[in-house]
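# Survey of secondary and tertiary structure
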Amino acid sequence: CELASWQIPSIFIPLPISHANHQSLNAYNAKSAGWARVIEESNLSSAILISEIDSIIHDAKMYSDMSEAAKNYNNKSASQIIASEIIRIAISHYAK
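Note that the structure is predicted; figures quoted are calculated from it, not measured.

Next up on the list: the pattern of salt bridges. Applying the stated criterion across every chain, the model contains three salt bridges. Measuring nitrogen to oxygen at the nearest pair gives 2.9 Å for the salt bridge that ties lysine 61 to aspartate 65. Within this pair, lysine 61 and its partner aspartate 65 are both found in helix α4 (residues 60–73), separated by four residues, close to a single helical turn. One salt bridge in this structure joins glutamate 85 and arginine 88, with 2.5 Å as the shortest N-O distance. Here arginine 88 and glutamate 85 lie together in helix α5 (residues 78–94), a separation of three residues that amounts to about one turn. We classify arginine 88 as partly exposed; its relative accessible area is 47%.

If you want it as structure tokens, here you go:
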């Protein structure tokens, strides 16, 4: 989320052995949101990585679109949602 908050178009290479596949899930979530590309480790080569980097930094519209998607990715009210959920859970446990 830090990359999204800085509005940096990104390329993710998720570890295939990450716990509960969370790296892949997060990477593809960012890709679906439009601010990231994903290269599976099994497909990774220097040529592919350089090609992905070049395509992003040399296409001003693509870079701008990805940056804007990253800007819109972060939920500005995340802290409010988290706090409300903590309170809801605390109240549900207190009521028992």
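To continue, consider unusual backbone geometry. Not every positive phi belongs to a glycine, and glutamine 7 is a case in point at roughly 60°. Turning to its location among the elements, glutamine 7 is positioned in the loop between α1 (2–5) and β1 (10–12). What makes glutamine 7 partly exposed here is its relative accessible area of 32%. Even without being glycine, asparagine 21 reaches a positive phi, approximately 60°. As for its position among the elements, asparagine 21 is in the loop between β1 and α2 (22–33).

Here we come to the packing of aromatic side chains. Counted under the stated rule, the structure contains two aromatic pairs. With a centroid separation of 5.7 Å and 80° between ring planes, the pair formed by phenylalanine 12 and tryptophan 35 is classed as edge-to-face. With a gap of 23 residues between them, phenylalanine 12 in strand β1 and tryptophan 35 in the loop between α2 and β2 (36–38) connect regions that are remote in the sequence. Tryptophan 35 sits in the buried class, given a relative accessible area of 2%. An angle of 55° between the planes, with centres 5.3 Å apart, marks the rings of tryptophan 35 and tyrosine 73 as tilted. In this pair, tryptophan 35 sits in the loop between α2 and β2 while tyrosine 73 sits in helix α4, placing the two residues 38 residues apart along the sequence. An aromatic cluster of three or more residues is present, and its members are Phe12, Trp35 and Tyr73.

Reading the values: rules and limits
- Residues numbered from 1 in each chain as written.
- Predicted model: local features only at pLDDT ≥ 70, side-chain atom pairs only at ≥ 80, totals over all residues.
- Heavy atoms only, no water.
- Salt bridge = Lys/Arg side-chain N within 4 Å of Asp/Glu carboxyl O.
- Helix = DSSP H or I, 4+ residues; strand = E, 2+ residues; numbered from the N terminus.
- Buried < 20%, exposed > 50% of the residue type's maximum accessible area, 1.4 Å probe, protein only.
- Phe/Tyr/Trp six-rings, centres within 6.5 Å; stacked < 30°, edge-to-face > 60°.

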